[in-house]
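Coordinate analysis (summary)
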Amino acid sequence: MLFRSVLMNMGEYDRAEGILRGILDRDPEAVPAMIRLANLYMMQEKYEQAESIVRDALWLANGNPTILFMQARLAIARQDYPAAIDALERIAAITPKDANVFWELGRVHQLVGELDKAEKAYLHAVELSPQHVAAMEALADLYLDQGSTEAAAAWYRRSFDAGSRSGRVCLHVATEALKQRNYEFALATLKQGVKDHPDNADLADTLARMYAMCPDSAYRNWQEAMRIAKALYGDDENKMPDRGLNTLAAIHAEAENLEEAVRLTKEGIRRAKENHDANAIRQLSENLKHYQKGKRLYESLF
């Protein structure tokens, strides 16, 4: 069993399939082999083959939660959400204390817009498993999408305190810390987040902006901000996103290179006009006034 798992993890799918098929040739009712073979097909996105195996396995062991869970995953893959919900509810009836089932059920309810049911399922998952960080993060995302920013912030922080270090959680927790002027915690969270998620542009940009724009001068370091921004955005302004121009402008202002800050901000306004982005035009125009007066943008970090 361990050998087959190693082959699957190594991507040796053909060899693993051959071994599993051999087992089923000798014992066509070997449900554990069926489960592993179906999972192997799902890993390769061969959903029709997986579904055929799952149907056979269900005929032999209809109440097996693992098989029902695979049935739910297959239903999600083909976007048959009612079937997925039905399978997950059957699992919940068999294993009512499995928090993962209710988290998965919440995800499917959220996919079909049943937000009250999604919230209830996520909350029940956390009730069953108080350290279930995925359910906490899902709740935070749900509340944020609904505009309940305080509830979202509370659940992101609860997920963080329970051990989650996903890029999304680190970003939201650090942003909330900045709003609360807890700069030491914000900086530590951003630095660790960037280390753990080096490809997360939101984390890197926020860290650069904190170094350039923090109201507390003890945390400002424009050289470090510039290093992060250059690594993130490069030197070619034509390929640089609008956010990159804005961040670099703030860094140049902190470095007392206000002429460059003004130039970059004017370029940002030009782009915003091309895109008919009234909010960006308004914000960048305010930034421009500050730079032209020799002022920084410390408070706009929030």
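These numbers were taken from a predicted model, which means no experiment stands behind them.

1. Regarding the nonpolar core
Counting 94 residues, the largest nonpolar core has Ile67, Met210 and Tyr291 as its most contacted members. Of the residues forming this core, the biggest block, nine residues, is contributed by helix α3 (residues 31–43). Setting aside anything within four residues of it in sequence, one finds Tyr291 in contact with Ala249, Ala250, Ala253, Leu258, Ala261, Val262, Thr265 and Leu297.

2. Some remarks on the layout of surface pockets
Here the largest pocket is characterised by a volume of approximately 310 Å³. Considering the residues around the largest pocket, the lining is formed by 20 residues, among which Asp242, Asn246, Ala280, Gln283 and Leu284 are closest to the centre. Considering every element that reaches the lining of the largest pocket, the biggest residue donor is helix α15 (residues 242–254), with six residues. Counted by class, the lining of the largest pocket contains nine nonpolar, seven polar and four charged residues.

3. As for the packing of aromatic side chains
Applying the stated criterion across every chain yields a total of two aromatic pairs. Aromatic side chains Phe160 and Phe185 sit 5.7 Å apart centroid to centroid with 80 degrees between the ring planes, which places their arrangement in the edge-to-face category. Placement of Phe160 in helix α10 (residues 149–161) and of Phe185 in helix α12 (residues 183–196) is noted, with a sequence separation of 25 residues between them. Geometrically, the ring pair formed by Tyr183 and Tyr219 is tilted, given 5.9 Å between the ring centres and 55 degrees between the ring planes. One end of the pair, Tyr183, is in helix α12; the other, Tyr219, is in the loop between α13 (201–213) and α14 (222–233), with 36 residues separating them in the sequence. What makes Tyr219 partly exposed here is its relative accessible area of 22%. Between the NZ or CZ atom of Arg107 and the centre of the ring of Trp103, over which it lies, the distance is 5.2 Å. A cation over a ring is seen here: Arg165 above Phe160, with NZ or CZ 3.7 Å from the ring centre.

4. Quick word on the packing of α14 against α15
Axis separation between α14 and α15 bottoms out at 10 Å; the angle between their running directions is 160 degrees. Taken as axis vectors, α14 and α15 run roughly antiparallel relative to one another. The chirality of how α14 crosses α15 is left-handed. Of the residues in α15, those touching α14 at Trp222, Ala225, Met226, Ala229 and Tyr233 are Arg243, Gly244, Leu248, Ile251, His252 and Glu254. A breakdown of the residues in the contact of α14 with α15 according to their chemical character gives seven nonpolar, two polar and two charged.

5. Some points on the environment of Ala186
Mapped onto the elements, Ala186 comes out in helix α12. Considered as a pair, Ala186 and His172 are 14 residues apart in the sequence and their alpha carbons are 10.0 Å apart. With sequence-adjacent residues up to four places away left out, Ala186 is seen in contact with Ala174, Ala177, Leu178 and Met210.

6. Some words on helix α17 (residues 278–292)
Given a rise of 1.5 Å per residue, 15 residues ought to cover 21 Å, and the 21 Å separating the end C-alpha atoms of α17 matches this to within 8%. Buried residues of α17: Leu284, Asn287, Leu288 and Tyr291, and no others. The arc enclosing the buried residues of α17, seen along the axis, measures out at 105 degrees, which places them on a common side. Set apart from the buried face of α17 by more than 90 degrees, the exposed residues are Asn279 and Arg282. Each element contacted by the buried residues of α17 is listed here: α15 and α16 (258–274). With its phi angle positive at about 75 degrees, Gly294 sits one or two positions after the end of α17.

Cut-offs applied
Residues numbered from 1 in each chain as written. Predicted model: local features only at pLDDT ≥ 70, side-chain atom pairs only at ≥ 80, totals over all residues. Heavy atoms only, no water. Core = buried A, V, L, I, M, F, W, Y, C linked by side-chain atoms within 4.5 Å. Buried < 20%, exposed > 50% of the residue type's maximum accessible area, 1.4 Å probe, protein only. Helix = DSSP H or I, 4+ residues; strand = E, 2+ residues; numbered from the N terminus. Contact = heavy atoms within 4.5 Å. 1 Å grid on protein atoms, 1.4 Å probe; cavity = no way out; pocket = protein on both sides within 12 Å on 5 of 7 lines; lining within 4 Å. Points joined across faces, edges and corners; volume = space filled by probe spheres on them. Nonpolar A, V, L, I, M, F, W, Y, C, P; charged D, E, K, R; others polar. Phe/Tyr/Trp six-rings, centres within 6.5 Å; stacked < 30°, edge-to-face > 60°. Lys NZ or Arg CZ within 6 Å of the ring centre and 35° of its normal. Axes fitted to C-alpha atoms, helices over the stretch in contact; angles between N-to-C directions. Parallel < 35°, antiparallel > 145°, perpendicular 65-115°, else oblique. Left-handed = near helix turned anticlockwise from the far one by under 90°. Expected span 1.5 Å × (residues − 1). Arc of directions from axis to C-beta.

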